[in-house]
Amino acid sequence: MSGVKTIRPGGCSHAKNGEKDTDESSNKKQSESAECPDCDRSAEKRSDHIVCSVHLELPQSRRRKLILHLDLNNTILVSDAVTKQGTVAALDYFLSTATWGRVNRQGSWEWLSDVPSLLPPCQGAVTYYSQFGRVQDFTGTAEGQRFCGVLKEHLSLLEWRGEEDEELAVRGEDGRLYHWILPAFFQLLQALESQHREFCVVFRTFGTDLARVLGAVQRVLREGTHPLFTGLQALPMPLNPTPGRIRCSKKNVVLSRGSEQVSTRGDERSLYRYFSDLQGLGGFQDHFDWWAHNSYSNLGGKPIWIDPSDPEVQHIFIDDNIRLNDEDSIITPKVFLGKAGTQTRTALTSELYDVNLIQTDLLRAISDHNYFSERIRICEENYEKYLNKEDG
């Protein structure tokens, strides 16, 4: 079956409205007529909800503090200690969740796209994983072998070059050394610091890798041990090496770390304030059993609180299991009702997709070290549009 061209979600390089710079009229004319290389539509025909210009810089007055909630497995790590997947198996599994087809009338599987993507290429498409479940050695099967080249290409990009490092490099099932933490993560830290941004990174995982990740990142920041990012040693980033945890129930959400304990009982703003005030880097293990209890839907996922009336802070969650289908999504987005209100509503993922929620494209995170930085810039632009829509 012939491949279907897919549109990278939020991946366009043009904005609907003309970008303003020193030659405003010329740029405006160009942006209105030029076709987008990602979606093949002129600027005036694209959605006015999603702003795709990843290279725009926000005016200083509109730069909010960023609270970046980052998943670990298949977001900044290509491995999983819980499922005991090494680098090769983890990337192979991811491909099964990002390749699309359907069962035809004859009962056979047929592909609807030869290009992995986060979103379906057409109506009726489902991922190989959603149809058949977790399949060992997906790219080694008769159906999945067409994506074997994609697997090999990205494994090559992941290879660790240089002396072996027990904390930053991991040996894959094929005997090769790979980056354990994606270089795109360290590039994000470097980029935000170079832009003099106020930000905090909060690792949020169901898994068991948190303490090890915190230790590895702390070593890079203290000793400059990463061969690609030796300059990070000079950056003033505090890191709390103590893993915390978040536990959920019908009554409340309780966060604990060391001697700290914060609960939403009676005031959902308590955890919003806690996260908004954080500095540097730290992390928490979220409540997997609560997610399972809620049928792996957004109703029992990792909670994030969003306050559209707060002019100082923007919270963004980055996770590969964020899905537009709320029954299969991993985040519980709680949006505050009214200015300074203490009550929230659970928002649809589609409302906040590429606004406060980023579904990790692992292939792009591997191939483009600026991937996280670009996605966050897109979210900042879209958040302005979202807030203007809310005010209207």
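Shown above is the structure to which this text applies.
Residues numbered from 1 in each chain as written. Predicted model: local features only at pLDDT ≥ 70, side-chain atom pairs only at ≥ 80, totals over all residues. Heavy atoms only, no water.

A.B. asks: An account of the overall build of the protein is needed here, citing residue identities and associated values.
C.D. replies: When you go through the protein residue by residue, the secondary structure sums to eleven helices and 16 strands. The 392 residues of the protein split such that 55% are buried. If you take every contact in the protein between residues at least 6 apart in sequence, the share linking residues at least 24 apart comes to 68%. Taken as a whole, the protein presents about 18000 Å² of accessible surface, with 46% of it coming from carbon and sulfur. (Helix = DSSP H or I, 4+ residues; strand = E, 2+ residues; numbered from the N terminus. Buried < 20%, exposed > 50% of the residue type's maximum accessible area, 1.4 Å probe, protein only. Contact = heavy atoms within 4.5 Å. Areas by Shrake-Rupley, 256 points an atom, 1.4 Å probe, with all protein chains shown as cover.)

A.B. asks: Break down the pairing of strand β8 (residues 244–248) for me, citing the residues and quoting the values.
C.D. replies: Where burial is concerned, the two faces of β8 differ: the one with Gly-244, Ile-246 and Cys-248 is buried and the one with Arg-245 and Arg-247 is not. Relative to strand β11 (residues 280–285), β8 runs parallel, the two being bridged by two bridges. Bridging across to β11, Gly-244 finds its partner in Phe-284. Connecting β8 to the antiparallel partner strand β9 (residues 253–257) that follows it, the hairpin turn spans four residues. (Pairing = 2+ DSSP bridges.)

A.B. asks: Please give an account of the packing of helix α2 (residues 87–96) against helix α4 (residues 148–158) that cites residues and values.
C.D. replies: In contact at an axis separation of 10 Å, α2 and α4 are set at 135° when each is read in the N-to-C sense. Between α2 and α4, the crossing angle belongs to the class labelled oblique. Helix-helix and strand crossings are classified by hand; for α2 and α4 the assignment is right-handed. Here Thr-87, Val-88, Leu-91, Asp-92 and Leu-95 of α2 lie close against α4, whose contacting residues are Val-150, Leu-151, His-154, Leu-155 and Leu-158. (Axes fitted to C-alpha atoms, helices over the stretch in contact; angles between N-to-C directions. Parallel < 35°, antiparallel > 145°, perpendicular 65-115°, else oblique. Left-handed = near helix turned anticlockwise from the far one by under 90°.)

A.B. asks: Pulling in residues and values, what's your account of the environment of Glu-193?
C.D. replies: Turning to its location among the elements, Glu-193 is positioned in helix α5 (residues 183–194). Contact partners of Glu-193, with chain neighbours within four places excluded, come to Phe-199, Leu-235, Pro-236 and Met-237.

A.B. asks: Explain the pattern of salt bridges to me, using residue names and the numbers behind them.
C.D. replies: Applying the stated criterion across every chain yields a total of 21 salt bridges. For Arg-146, the salt bridge is made with Asp-114, and the minimal N-O distance between the two is 2.5 Å. Pair noted here: Arg-146 is in the loop between α3 (128–132) and α4 and Asp-114 is in the loop between β3 (109–111) and β4 (126–127), with a separation of 32 residues, a long-range link. Accessibility expressed as a relative area gives 41% for Arg-146, which makes it partly exposed. Two residues, Asp-354 and Arg-375, come together in a salt bridge whose shortest N-O distance is 3.0 Å. (Salt bridge = Lys/Arg side-chain N within 4 Å of Asp/Glu carboxyl O.)

A.B. asks: Residues and numbers for the nonpolar core, please.
C.D. replies: Ranked by size, the top nonpolar core spans 80 residues in total, and within it Ile-181, Phe-185, Phe-203, Val-217 and Leu-281 carry the most contacts. The contacts of Val-217, once residues within four sequence positions are left out, are Ile-181, Phe-185, Phe-186, Phe-203, Leu-239 and Leu-281. Grouped together as the second largest cluster of nonpolar side chains are 18 residues, Cys-248, Leu-255, Leu-278 and Phe-336 included. (Core = buried A, V, L, I, M, F, W, Y, C linked by side-chain atoms within 4.5 Å.)

A.B. asks: Describe the packing of aromatic side chains, with residues and values.
C.D. replies: Within the structure shown, the criterion is met by 24 aromatic pairs. Measuring from centroid to centroid gives 5.6 Å for Trp-109 and Tyr-128, while their planes differ by 90°, and the two rings are edge-to-face. Of this pair, Trp-109 sits in strand β3 while Tyr-128 sits in helix α3; the two residues are 19 residues apart in sequence, bridging distant segments of the chain. We classify Tyr-128 as buried; its relative accessible area is 5%. (Phe/Tyr/Trp six-rings, centres within 6.5 Å; stacked < 30°, edge-to-face > 60°.)

A.B. asks: Talk me through the side chain of Gln-359; I want residue IDs and the actual numbers.
C.D. replies: Looking at the secondary structure, you find Gln-359 in strand β16 (residues 357–359). At 2.7 Å, the side chain of Gln-359 and the side chain of Tyr-353 are in polar contact. (Polar contact = N/O pair within 3.5 Å; in protein donor to acceptor, adjacent residues only side chain to side chain.)

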